[in-house]
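One-letter residues, chain by chain:
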Amino acid sequence: MQRTFAPLMAAAVILAGCATNPATGEKQFSLISEGQEIQMGLEADPSIVASMGLDPDSGRQRYVREMGLRLARVSERPNLPWTFRVIDDPVVNAFAVPGGHIYVTRGILAHLNSEAELASVLGHEIGHVTARHSVTQMSRQQLAQIGLVVGTVLKPELARYAGIASQGLGLLFLKYSRDDESQADQLGLRYMRRGGYDAHRMPEVFTLLDRVGQASGGGRVPEWLATHPNPGNRRGSIERQIAALPAESLGTVVNRDAYLRHIDGVVFGNNPRDGFFRGSEFFHPELRFRFTFPQGWATQNQRQAVVAVSRQQDAIEAITLSDQATPEAAARAFFSQQGVRGTPSRGSIHGFAAVGGGFNAITEDSSVLAGQVAFVAYGGSVYQLLAYGPQARWPAYARAADQSLGSFDRLTDPTLLAVQPWHVDVVAIPQAMTIDDFERRYPGPTPAATLALVNNVDPGTQFRSGTLLKRIVGQPLP
Ligand SMILES: [Zn+2]
């Protein structure tokens, strides 16, 4: 994910300029030709798949892909190399990259309730691509010489050494303007109608996203809201557009039951098999290790790294897997990097062979970092445990980092090793009931409010016998 688009841009200046967009009919200023846009997408897609991971259910992947392709074919750019993928991520999100690559998370699938709703989301993202929103936005940024946004909480000079995929992902989390959002909604509505889907389901998606936002307690905004602003006004505006259209042009396909059957069994929430936190303690049941980060640091379990950042965001700790065969080889590779100084020594952590030590590193912009690294052989792999910050501030962190790196150990607690994710389970209710009745009859690890949320209904709504409803099955984390 460290690839930058800089060389591409230099050529782009010569080739591109103003062109009429086929979806919007507007004149668009762009430094990026369609060929370059496609190239960008083809380069970004494998990185996204590698860093975020795919939902392993091939049936679900096929379902979303086929639906997406049907909608893309009725768009103004049917011949882009469109791909539609389900990302193995619990957050409620969907995003597009230039060139026709669209991603929905398993989190948004778990919350949607019909094919027509999924078509709204896919149609909206297709709209961002056909209207070339990212492309024009990137051109604007190139002009302003801002460069790509680094989508991370970290200062980039800190992220660079931690092996964290941040730069490429920045491309995904470019924030669209409100005008772009309205336009994508409008285009989404168009594609959904052309696909025969009931357009009235589109405003439902905004209600759902509002509910998800409220349920997160004003804390973490769902990603879709963060990058696709202003759902309140968007709902009103799309409702007005629908009202102005002839009723017979709105489409009738909803396919609620078919949709629910396809998402039956999808993992709900964080998957603890991929590792989970209890305070500053981290457990990884698949890789069978445990680790304690410094107290009070903000932690994040990413696909290729487990990361913690100090309160002032001036120090970082990261666990990654080394691609070297032995701790010695890994240490040699690390300490022979340009600008890195230090003398590693052999030792052990909880009985596992380890090589490591303190180091200084001079960055490209001549600032000096200081830190501590250890390479540990465990379970047939070599783990890199790395902590560092600016040299001037490192003394304040050195002790905590040292202790933390030394906490790496095997995970033996059978309860923690056996932890399982929660799943969505689709049930045909045997009699009329409300969500509260449903929760009492099918209790799970989540409250009735969560069931109301994933079924996108008010808690008091009464359902007819035979209605399919989602429940959540699983055990609370130990
Ligand atoms: Zn959007």
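Notes on the structure in this doc start here. (Residues numbered from 1 in each chain as written. Predicted model: local features only at pLDDT ≥ 70, side-chain atom pairs only at ≥ 80, totals over all residues. Heavy atoms only, no water.)

## A look at the nonpolar core
Heads up, the condition is: By nonpolar core is meant a set of buried Ala, Val, Leu, Ile, Met, Phe, Trp, Tyr and Cys residues that side-chain atoms within 4.5 Å join together. For the exposure calls, accessible area comes from a 1.4 Å probe over protein chains only, and a residue counts as buried if that area is under 20% of its type's maximum, exposed if over 50%, partly exposed in between. The way it works is that DSSP assigns letters per residue, a run of H or I at least four long becomes a helix, a run of E at least two long becomes a strand, and they are numbered from the N terminus. Contacts between residues were defined by any pair of non-hydrogen atoms, one from each residue, lying within 4.5 Å.
Counting 64 residues, the largest nonpolar core has Val 64, Val 104, Leu 118, Leu 122 and Phe 438 as its most contacted members. For this core, the element with the highest residue contribution is helix H5 (residues 115-130), accounting for 7 residues. Leave out the neighbours within four places in its chain, and Phe 438 touches Val 427, Ile 429, Met 433, Leu 451, Leu 469, Lys 470 and Arg 471. Listed in part, the 24 residues of the second largest apolar core include Phe 289, Ile 319, Leu 405 and Phe 408.

## Section: the sheet that holds strand E9 (residues 289-292)
For clarity, the threshold we go by: Strands are labelled as partners when DSSP assigns at least two bridges between them.
Taken together, the 4 strands give an open sheet; going across it, the order is E7-E8-E9-E18, and neighbouring strands pair in antiparallel fashion. Whereas interior strands pair on both sides, the edge strands pair on one side only; in this sheet they are strand E7 (276-278) and strand E18 (409-410). Bridging between E7 and strand E8 (residues 281-284) involves 3 bridges; their strand directions are antiparallel. The residue bridging Phe 276 from the neighbouring strand is Phe 283, located in E8.

## What about the sheet that holds strand E6 (residues 267-268)?
For clarity, the cut-off: To get an axis, fit a line to the C-alpha atoms, keeping to the stretch in contact for a helix; angles then go from 0 to 180 degrees between the N-to-C directions.
Pairing is antiparallel across the open sheet formed by 3 strands, whose spatial order is E6-E19-E22. Looking at which strands have only one partner, the edges of the open sheet turn out to be E6 and strand E22 (468-473). The pairing of E6 with strand E19 (residues 422-428) spans 2 bridges and is antiparallel. When the sheet's bridge partners are listed, Phe 268 is paired in E19 with Trp 422. In this fold helix H13 (residues 256-263) packs onto E19 and E22, with an angle of close to 20° to the strand it touches most, E22.

## Details of the side chain of His 111
This is how it is decided: Pairs of N or O atoms are called polar contacts if they sit within 3.5 Å, as long as, within protein, a hydrogen donor faces a hydrogen acceptor (for residues adjacent in sequence, only side-chain-to-side-chain pairs).
As for its placement among the helices and strands, His 111 is situated in helix H4 (residues 106-111). Accessibility expressed as a relative area gives 7% for His 111, which makes it buried. A distance of 2.8 Å separates the side chain of His 111 from the backbone oxygen of Gly 107, its partner in a polar contact. Those residues in contact with His 111, other than ones at most four positions away along the chain, are Val 92, Leu 208, Val 212, Phe 268, Leu 453, Val 454 and Lys 470.

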